[in-house]
Amino acid sequence: MKSDTFERFYERCQNKDFLKSNNQATIVPFYIIPYKPTEKQEVANNINMVTKRLQEVNINILRLDLFNLCIEILKDQDMLEDVLELEQDESPEYFLDAFDSAINNEVVSDYIQTKIQDNDPDVVFIQGIDKAYPFRRLHPLINILHAKTEKKPIVFFYPGIYNGIAFKLFGLEEESFKSNNYEVRNLE
């Protein structure tokens, strides 16, 4: 990761066009900050620093952890214990199918939208993408989330590679990302 990535990111988050999402009507303000998985702690420290600095200039940040969000949904649906038992008793394939039917991308995106509506942030930071794998993958979630975000800028901190077309979580696997309705911009 470039040494000035988070300083440039901090400056960008203060930009009025970034905050107001003065984009075309069909473009949702999604941004990716990819990083090497070995940089996880450094990135976490920088996210904390940027969040604090932005709050000092009255920019409201909503920070979400994708994995913790899934756990919260399971608790709200009173399903956490059932899912934990299922994981112990069933094959990984069966468990993943059952998990996806309980908490699919539609459910997660609705939950994120509720958090956005409840908190009315200026910017949303989403972390924990690595911890949510293989239960949730970023590409399919973005495909559903783009219609529900009310044009709030959302920044995804992605432990892997994003080249503008494909995601490679941990730098290993590729998820193609194509849509004519919106674009996801790399902030690096």
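To be clear, the structure that these remarks concern was listed above.
Overview of the structure. Computed from a predicted model, the values in this text were never measured in an experiment.

With their axes 10 Å apart at the nearest point, helix H1 (residues 5–13) and helix H3 (residues 40–56) run at an angle of 30° to one another. Here H1 lies roughly parallel to H3, going by the angle between them. In the packing of H1 onto H3, the handedness of the crossing is right-handed. Mapping the contact onto sequence places Phe6, Glu7, Phe9, Tyr10 and Cys13 in H1 and Val43, Asn46, Ile47, Met49, Val50, Arg53 and Leu54 in H3. The residue inventory of the contact of H1 with H3, partitioned by class, reads nine nonpolar, one polar and two charged.

With that out of the way, let us pick up the packing of helix H5 (residues 80–89) against helix H6 (residues 92–102). Where H5 meets H6, the axes come as close as 8 Å, and the angle between the chain directions of the two elements is 160°. Here H5 is positioned roughly antiparallel relative to H6, judged by the angle of their axes. Here H5 runs over H6; the crossing is right-handed. Contact with H5, carried on its side by Val83, Leu86 and Glu87, involves Tyr94, Phe95, Ala98 and Phe99 of H6 and no other residues of that element. Each residue belonging to the contact of H5 with H6 can be placed in one class, and the counts come to six nonpolar, no polar and one charged.

Another aspect to go through is the pattern of salt bridges. This structure, assessed with the given rule, holds six salt bridges. Between lysine 152 and aspartate 120 there is a salt bridge whose closest N-O contact spans 3.0 Å. Separated by 32 residues along the polypeptide, lysine 152 in the loop between helix H9 (138–145) and strand S4 (154–162) and aspartate 120 in the loop between helix H7 (105–119) and strand S3 (123–127) bring together distant segments of the chain. For lysine 152, a relative accessible area of 16% corresponds to the buried category.

Let's shift gears to the side chain of aspartate 130. Here aspartate 130 shows up in helix H8 (residues 129–132). Among the polar contacts listed, one links the side chain of aspartate 130 to the side chain of lysine 40, at a separation of 2.8 Å. Aside from chain neighbours lying at most four places away, what touches aspartate 130 is Lys40, Pro159 and Phe170.

What follows covers a negative patch on the surface. Among the surface-exposed residues, Asp78, Glu81, Asp82, Glu85, Asp89 and Glu90 lie close enough to one another that they form a single negatively charged patch. In this fold, aspartate 89 is placed in helix H5. Judged by its relative accessible area of 60%, aspartate 89 is exposed.

How two aromatic rings sit relative to each other is given by the distance of their centres and the angle of their planes. Counted by the stated rule, this structure contains seven aromatic pairs. Between phenylalanine 30 and phenylalanine 156, the aromatic rings sit 5.5 Å apart at their centres with planes inclined by 85°, giving edge-to-face as the arrangement. With a gap of 126 residues between them, phenylalanine 30 in strand S1 (residues 30–35) and phenylalanine 156 in strand S4 connect regions that are remote in the sequence. With a relative accessible area of 0%, phenylalanine 30 lands in the buried category. Judged by relative accessible area, which is 1%, phenylalanine 156 ranks as buried. Ring geometry for phenylalanine 125 versus phenylalanine 157: centroids 5.3 Å apart, planes at 80°, classification edge-to-face. Of this pair, phenylalanine 125 sits in strand S3 while phenylalanine 157 sits in strand S4, and the two are 32 residues apart along the sequence. Across this residue pair, the class does not change: phenylalanine 125 and phenylalanine 157 are buried.

The rules behind these values
Residues numbered from 1 in each chain as written. Predicted model: local features only at pLDDT ≥ 70, side-chain atom pairs only at ≥ 80, totals over all residues. Heavy atoms only, no water. Axes fitted to C-alpha atoms, helices over the stretch in contact; angles between N-to-C directions. Helix = DSSP H or I, 4+ residues; strand = E, 2+ residues; numbered from the N terminus. Parallel < 35°, antiparallel > 145°, perpendicular 65-115°, else oblique. Left-handed = near helix turned anticlockwise from the far one by under 90°. Contact = heavy atoms within 4.5 Å. Nonpolar A, V, L, I, M, F, W, Y, C, P; charged D, E, K, R; others polar. Salt bridge = Lys/Arg side-chain N within 4 Å of Asp/Glu carboxyl O. Buried < 20%, exposed > 50% of the residue type's maximum accessible area, 1.4 Å probe, protein only. Polar contact = N/O pair within 3.5 Å; in protein donor to acceptor, adjacent residues only side chain to side chain. Patch = residues over 30% accessible without salt bridge, like charges linked within 9 Å, V, L, I, M, F, W, Y side chains within 5 Å. Areas by Shrake-Rupley, 256 points an atom, 1.4 Å probe, with all protein chains shown as cover. Lys, Arg positive; Asp, Glu negative; His and termini not counted. Charge placed at Lys NZ, Arg CZ, Asp CG, Glu CD. Phe/Tyr/Trp six-rings, centres within 6.5 Å; stacked < 30°, edge-to-face > 60°.

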